[in-house]
Amino acid sequence: TPKPSSAASDVYKRQLYIGMTGSSLRRRIKQYMQFGEGKPVGHRGGCYIWQMEDCDRLIICWKELAEELPGEYETMLIRSFKDAHDGRRPFANRNK
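Residues numbered from 1 in each chain as written. Predicted model: local features only at pLDDT ≥ 70, side-chain atom pairs only at ≥ 80, totals over all residues. Heavy atoms only, no water.

### Some thoughts on the overall build of the protein chain
Looking only at helices and strands, the protein chain features three helices and zero strands. In the protein chain, the order of α-helices and β-strands from amino to carboxyl end is α-α-α. For the protein chain, long-range pairs separated by at least 24 residues make up 60% of all intrachain contacts whose partners lie at least 6 apart in sequence. For the protein chain, the accessible area works out to roughly 7,200 Å², and carbon and sulfur atoms hold 49% of it. (Helix = DSSP H or I, 4+ residues; strand = E, 2+ residues; numbered from the N terminus. Contact = heavy atoms within 4.5 Å. Areas by Shrake-Rupley, 256 points an atom, 1.4 Å probe, with all protein chains shown as cover.)

Right, dumping it as structure tokens:
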């Protein structure tokens, strides 16, 4: 299981996962938390988060999108992150 580099920048250490939901935000966060508790859920996005020692202290942030397509916006955010961090994806993003 990968671990964040100790030499990573502060931003890289703070922004660990970028994702989206096709259902309600409440439902997606509930699935995310249930996965962290070891329960079988249908989505594994961000599963590396739960490998971190202080995963119980993480903060969830979100943005509602009015007109942008969520998948395109997610791709743009990850691409921007990679451009700013030597091609590295956020820690828990395994795709894109």
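### As for helix 3 (residues 70-84)
With 15 residues, helix 3 extends 21 Å between its outermost C-alpha atoms, agreeing within 8% with the 21 Å of an ideal straight helix rising 1.5 Å per residue. Along helix 3, the residues classified as buried are Tyr73, Glu74, Ile78 and Phe81. The buried residues of helix 3 all sit within an arc of 135 degrees when viewed along its axis, so they share a single face. Summarising the geometry of helix 3, the exposed residues directed more than 90 degrees from the buried face are Glu72 and Asp83. Positive phi shows up at Asp86, right after helix 3, with a value of about 50 degrees. (Expected span 1.5 Å × (residues − 1). Buried < 20%, exposed > 50% of the residue type's maximum accessible area, 1.4 Å probe, protein only. Arc of directions from axis to C-beta.)

### Overview of the packing of aromatic side chains
Applying the stated criterion across every chain, the model contains three aromatic pairs. Relative to Phe91, the ring of Tyr48 lies with its centre 6.3 Å away and its plane at 50 degrees, an arrangement referred to as tilted. With Tyr48 in the loop between helix 2 (25-36) and helix 3 and Phe91 in the segment after helix 3, this pair connects stretches of sequence that are 43 residues apart. Residue classification places Phe91 among the buried positions, given a relative accessible area of 7%. (Phe/Tyr/Trp six-rings, centres within 6.5 Å; stacked < 30°, edge-to-face > 60°.)

### Concerning the confidence of the model for the protein chain
Scored by pLDDT, the protein chain has a mean of 79; 83% of the residues are at 70 or more. Per-element averaging of pLDDT across the protein chain places helix 1 (residues 10-14) at the bottom with 54 and helix 3 at the top with 90. Here residues 1-9 scores under 50 on pLDDT; set against residues more than four positions off or in separate chains, the count is 11 contacts. (pLDDT = per-residue confidence, 0-100.)

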